[in-house]
Amino acid sequence: MGALKLIINGAKGRMGQALIHCAEADPDLIVSAALDHGDDLAAALSGCDAVIDFTHAEVTLGVAEACAKAGKALVIGTTGHSDAVRTRITELSKVIPIVFAPNFSVGVNTLFWLTRKAAEILGPDFDLEVVEMHHRLKKDSPSGTARRLVEILAEVRGLSYDSDVRHGREGMVGERTPTEIGLHAVRGGDVVGDHTVIYANVGERVELTHKASSRDTFAKGALRAAKWAHGRDPGLYDMQDVLGLTD
Ligand code: NAD
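Going along each chain's sequence as written, the residues are numbered from 1 onward. Whole-chain, interface and lining totals are the exception, using all residues; otherwise, since this is a predicted model, local features are given only for residues with pLDDT of at least 70 and side-chain atom pairs are given and counted only at 80 or more. Heavy atoms throughout the structure, all of them, feed into the side-chain values; hydrogens and water do not.

Draft legend 1. Seen up close, the environment of Ile20. Assignment of secondary structure puts Ile20 in helix α1 (residues 14-24). For the pair formed by Ile20 and Ala33, sequence separation is 13 residues and the distance between their alpha carbons is 10.0 Å. Strands here mean DSSP runs of E at least two residues long; helices mean DSSP runs of H or I at least four residues long; both are numbered from the N terminus.

Draft legend 2. Just the packing of helix α5 (residues 106-122) against helix α6 (residues 144-157), in detail. As a rule, the C-alpha atoms of each element are fitted with a line to give its axis, helices using only the stretch in contact, and angles between N-to-C directions run from 0 to 180 degrees. Two elements in contact, α5 and α6, have axes whose closest approach is 9 Å; the angle formed by their N-to-C orientations is 25°. The angle between α5 and α6 places the two elements in the roughly parallel class. The crossing of α5 and α6 is right-handed. Residues Val108, Leu111, Phe112, Thr115, Arg116, Ala119 and Glu120 of α5 form the contact with α6, whose participating residues are Thr145, Arg148, Leu149, Ile152, Leu153, Glu155 and Val156. Gly is put with the polar residues, along with every residue not named as nonpolar or charged; the nonpolar set is Ala, Val, Leu, Ile, Met, Phe, Trp, Tyr, Cys and Pro, and the charged set is Asp, Glu, Lys and Arg. Considered class by class, the residues forming the contact of α5 with α6 number eight nonpolar, two polar and four charged. Reported orientations rely on four angle classes, namely roughly parallel under 35 degrees, roughly antiparallel over 145, roughly perpendicular from 65 to 115, and oblique for the rest. A clockwise turn of the near helix away from the far one marks a right-handed crossing, whereas an anticlockwise turn of less than a right angle marks a left-handed crossing. Note on definitions: a residue-residue contact is assigned when non-hydrogen atoms from the two residues lie within 4.5 Å.

Draft legend 3. Here's a closer look at the UniProt feature "domain: Dihydrodipicolinate reductase N-terminal" (unreviewed entry) in the chain. Here the UniProt feature "domain: Dihydrodipicolinate reductase N-terminal" (unreviewed entry) sits at residues 5-104. With 37% helix and 24% strand, the stretch residues 5-104 has end C-alpha atoms that lie 20 Å from each other. UniProt positions are given in the numbering used here, feature names are shortened, and annotations may be inferred rather than shown by experiment.

Draft legend 4. Quick look at the pattern of salt bridges. Salt bridge, as applied in this entry: a Lys or Arg side-chain nitrogen positioned within 4 Å of an Asp or Glu carboxyl oxygen. Scanning all chains against the criterion turns up 18 salt bridges. For Glu180, the salt bridge goes to Arg169, with nearest N and O atoms at 2.9 Å. One end of the pair, Glu180, is in the loop between β7 (165-167) and β8 (181-187); the other, Arg169, is in the loop between β7 and β8, with eleven residues separating them in the sequence. A single salt-bridge network, built from bridges that share partners, covers Asp83, Arg86, Arg116, Arg147, Arg148, Glu151 and Glu155.

Draft legend 5. The arrangement of the site of the ligand in detail. Around the ligand, a shell composed of 23 residues is seen, among which Arg14, Met15, Asp36, Thr79 and Lys138 lie nearest. Polar contact is the term for a pair of N or O atoms within 3.5 Å; when the atoms are in protein, one must be able to donate a hydrogen and the other to accept it, and sequence-neighboring residues count only if both atoms are side-chain atoms. Lys138 places a side-chain nitrogen or oxygen 2.9 Å from an oxygen atom of the ligand. To be clear on the numbers: accessible area is Shrake-Rupley with a 1.4 Å probe, and residue cover counts the displayed protein chains and nothing else. Coverage of the ligand by the protein amounts to 83% of the 870 Å² it exposes when considered alone. Here the residues of the shell around the ligand are counted per class, giving seven nonpolar, ten polar and six charged. One heavy atom within 4 Å of a molecule or strand makes the whole residue count as near it.

Draft legend 6. How the structure looks around the sheet that holds strand β2 (residues 29-35). Between any two strands, pairing holds if DSSP finds at least two bridges. The sheet built from six strands is open, its strands ordered β2-β1-β3-β4-β5-β11 with parallel pairing. In the strand order of this sheet, the two ends are held by β2 and β11 (235-237), each with one partner. Strand-to-strand twist across the sheet, computed as the mean angle between neighbouring axes with direction ignored, equals 20°. Pairing of strand β1 (residues 4-9) with strand β3 (residues 50-53) involves four bridges; the strand directions are parallel. Paired with Ile8 across the bridge in β3 is Ile52.

Draft legend 7. Broad picture of the packing of α1 against helix α8 (residues 216-229). Relative orientation of the contacting elements α1 and α8 amounts to 65°, with a least axis distance of 9 Å. Here α1 and α8 pass one another in a crossing that is right-handed. Between α1 and α8, the residues in contact are Met15, Ala18, Leu19, His21, Cys22 and Ala23 and Asp216, Phe218, Ala219, Lys220, Ala222 and Leu223, respectively.

In structure tokens, the structure reads:
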């Protein structure tokens, strides 16, 4: 089998540059088109095997629709989508394989796994809070990774992201309730991505932390996901599926 031909969408961005640099170092990959704002994705699709999208939240749906029309596998790294866009992406995954992950690093996917296990072991007496920090240029908040961490905690506790998450606290907010999950977004400098899950009880506290120091970790994971997705049955997958971390 020849090298996998990839379109990198968002090629001029921070992640796009990391993807191109990592793909060029991989003999099993060819970047058939490096596209950014204003380029013609539909015209480039016939010459590729798979598309990787790291752009902006409002761009992804059009990319997914074009990939579904052309029958190409899609890897989505972009974060910050509305629920309506996420639902439409799920529908399109009936037509093509889509790997949609808020974080492609092996370390963060291990953190996802550990977060679930720790929540199961520690039980409902522990208060749950998630803190994330990213560089000053990040546009969406909270990070997609922090959202996923809260979703995992909510799943274990039988709570819901929409009604039980508490985004920061200000003023006379009253005592913390046992069912709220706090989520706090910190912005500054050039931080690539830090996430901490806090389990706090009276007398003890557990903290699970991941710190990314290079975008190459996300880029290599997304490239691995593209290889994994190519030729696979249609479906909505995440990086846990790619890494075989699903139980
Ligand atoms: P960035 O702003 O540096 O890059 C985005 C790029 O997309 C820009 O070059 C922009 O011109 C381009 N773009 C905008 N509209 C476009 C269009 N219509 N078609 C093609 N390209 C278009 O952002 P970034 O730091 O590279 O992050 C991109 C996205 O990836 C963000 O949503 C971020 O949260 C997410 N991200 C995900 C992971 C992960 O592992 N899943 C890791 C890091 C960042």
